Amino acid sequence: MTVKISQSAETQKFFDEVSGFGNTDGNARIKTIIHRVLQGTARLIEELEVTEDEFWHAVDYLNRLGGKGEAGLLVAGLGLEHFLDLLQDAKDAEVGLTGGTPRTIEGPLYVAGAPLAEGQARMDDGSEDGSATVMFLEGQVLDPQGKPLAGATVDLWHANTRGTYSFFDKSQSDYNLRRRIVTDAQGRYRARSIVPSGYGCDPQGPTQECLDLLGRHGQRPAHVHFFISAPGYRHLTTQINLSGDKYLWDDFAYATREGLVGEIVFREDGARGVPGRYAELTFDFQLQNAADSGAEQRNARPRALQEA
Ligand code: MBD
Ligand code: FE
């Protein structure tokens, strides 16, 4: 049996050199990772007989993916962001860290620095008044014993009726449908907003181009994203995915989980002072204790920040 070119001693030596193993500069961690990426890529090119045309199409694809800022969208669509959650869940289970509201992916559309409010906020700018359905979203943040947590920060964001997010959709006002709400003395947050629609990948974009080749759609169910934090408690990144949505259990980003389905209730009784049909969504969150102060913070993923 002949040794594959990708596995040969000469090629291994070559990738050692390429990865900077022969020098003492640079970053040892990155060297290790790049080395593994090169080995794995070379092996798959050889074993799957990737053609030159396929290879150069892939290079061009990466240029176009970055050009459209869709790398974060592709890793969600390919299930890698969900895989990070599965890894975290498994690590937690190993050390007996259980309980509380399940985590799920952040997605690529968070913007830092949303307006801060005490207890309650209106999240929409009124631009869809008359066409959107008003949504009253509220609940409590609880500690591991089920006691209400006052002073927790509920940082939430969601799409408009077209399934698009402010900042990324420049037709919306700054921070539309994005707020940080600090829970009141009863651990309660209350938001008046509008019922979101599910997100769909740009049909013309590089992520959908890949999904098409996999025979997949690029749709998410209607959902609301949350970062929940409080001193002494473990940061929680999660989402509520809305009951009744066609894509609830057919999410291209695999974010819907047991325990994260929000039962949205539609009413038409004038009880909230809103004429006609409106929606209520009640959802409580339970945090875990923080093992250390690092666990209180969200991960250091680079995030967008709105220009003033
Ligand atoms: C979204 O709104 C989203 O939440 C994810 C995970 C990917 C794309 C759009
Ligand atoms: Fe989203």
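Cut-offs applied
Residues numbered from 1 in each chain as written. Chains lettered and ligands numbered in written order. Predicted model: local features only at pLDDT ≥ 70, side-chain atom pairs only at ≥ 80, totals over all residues. Heavy atoms only, no water. Patch = residues over 30% accessible without salt bridge, like charges linked within 9 Å, V, L, I, M, F, W, Y side chains within 5 Å. Areas by Shrake-Rupley, 256 points an atom, 1.4 Å probe, with all protein chains shown as cover. Salt bridge = Lys/Arg side-chain N within 4 Å of Asp/Glu carboxyl O. Helix = DSSP H or I, 4+ residues; strand = E, 2+ residues; numbered from the N terminus. Buried < 20%, exposed > 50% of the residue type's maximum accessible area, 1.4 Å probe, protein only. Pairing = 2+ DSSP bridges. Donors = N, O, S within 2.8 Å, 3.2 Å for Na, K, Ca; no water. Near = heavy atom within 4 Å. Polar contact = N/O pair within 3.5 Å; in protein donor to acceptor, adjacent residues only side chain to side chain. Nonpolar A, V, L, I, M, F, W, Y, C, P; charged D, E, K, R; others polar. Domains from an automatic or database assignment. Phe/Tyr/Trp six-rings, centres within 6.5 Å; stacked < 30°, edge-to-face > 60°. Lys NZ or Arg CZ within 6 Å of the ring centre and 35° of its normal.

Asker: Quick rundown of a nonpolar patch on the surface? Include the residues and the values.
Answerer: Together, Val-75, Leu-78, Leu-80, Phe-83, Leu-84, Leu-86, Leu-87 and Leu-214 make up an exposed nonpolar region whose accessible area comes to about 690 Å². Per-element tally for the nonpolar patch: the top contributor is helix H5 (residues 80-94), with 5 residues. As for its placement among the helices and strands, Phe-83 is situated in helix H5.

Asker: How would you explain the pairing of strand E8 (residues 223-229) if you had to name every residue and give the values?
Answerer: Among the 7 residues in E8, 6 count as buried, and that is most of the element. When strand E5 (residues 153-158) meets E8, the two strands line up antiparallel, connected through 6 bridges. Across the sheet, Trp-157 pairs through a bridge with His-225, a residue of E8. Bridge count between E8 and strand E9 (residues 236-242): 6 bridges; the pairing is antiparallel. Note on E9: the bridge partner recorded for His-225 is Gln-239. Hairpin connection, E8 to E9: the antiparallel pair is bridged by 6 residues, and Gly-232 has positive phi, about 95 degrees.

Asker: I'd love a proper account of the coordination of the iron ion (ligand 2), names of residues and values included.
Answerer: Distances from the iron ion (ligand 2) to its protein donors, namely Tyr-165 (OH), His-223 (NE2) and His-225 (NE2), fall within the range 2.0 Å. When the donor residues of the iron ion (ligand 2) are listed from N- to C-terminus, their spacing reads Y-x57-H-x1-H. Of the two residues, Tyr-165 sits in the loop between E5 and strand E6 (178-182) while His-225 sits in strand E8, which places them 60 residues apart along the sequence. Note on accessibility: Tyr-165 and His-225 belong to one class, buried.

Asker: Which residues make up the site of ligand 1, and what values go with them?
Answerer: In the vicinity of ligand 1, the contacting residues are Leu-73, Ile-105, Gly-107, Pro-108, Leu-109, Tyr-165, Tyr-199, Arg-220, His-223, His-225 and Ala-253. Residue Arg-220 places a side-chain N or O atom 2.8 Å away from an oxygen atom belonging to ligand 1. Taking His-225, its side chain carries an N or O atom lying 2.9 Å from an oxygen atom of ligand 1. Considered on its own, ligand 1 offers 270 Å² of accessible surface; in the complex 100% of this is hidden by protein. Taken together, the residues of the shell around ligand 1 break down into 7 nonpolar, 3 polar and 1 charged.

Asker: I'd like a description of unusual backbone geometry, backed by residues and values.
Answerer: Phi angles above zero are rare outside glycine, and Glu-49 is one such case at about 50 degrees. In this structure, Glu-49 sits in the loop between helix H2 (28-47) and helix H3 (52-67). By relative accessible area, Glu-49 is classed as exposed at 63%. The phi dihedral of Phe-167 falls on the positive side, at around 80 degrees, and the residue is not glycine.

Asker: I'd love a proper account of the domain arrangement of the protein, names of residues and values included.
Answerer: What the domain assignment reports for the protein is domain 1 (9-50) and domain 2 (74-305). Just the C-alpha atoms count here: the centres of domain 1 and domain 2 sit 39 Å apart.

Asker: Tell me what's going on with the packing of aromatic side chains, and back it up with residues and numbers.
Answerer: Evaluation of the coordinates by the stated rule reveals 12 aromatic pairs. Members of the aromatic cluster, joined through ring pairs, are Tyr-189, Phe-226, Phe-283 and Phe-285. A cation sits over an aromatic face here: Lys-170 above Phe-167, 3.9 Å from the ring centre. Geometry around Phe-136 places Arg-272 over its ring, the cationic atom sitting 4.5 Å from the centre.

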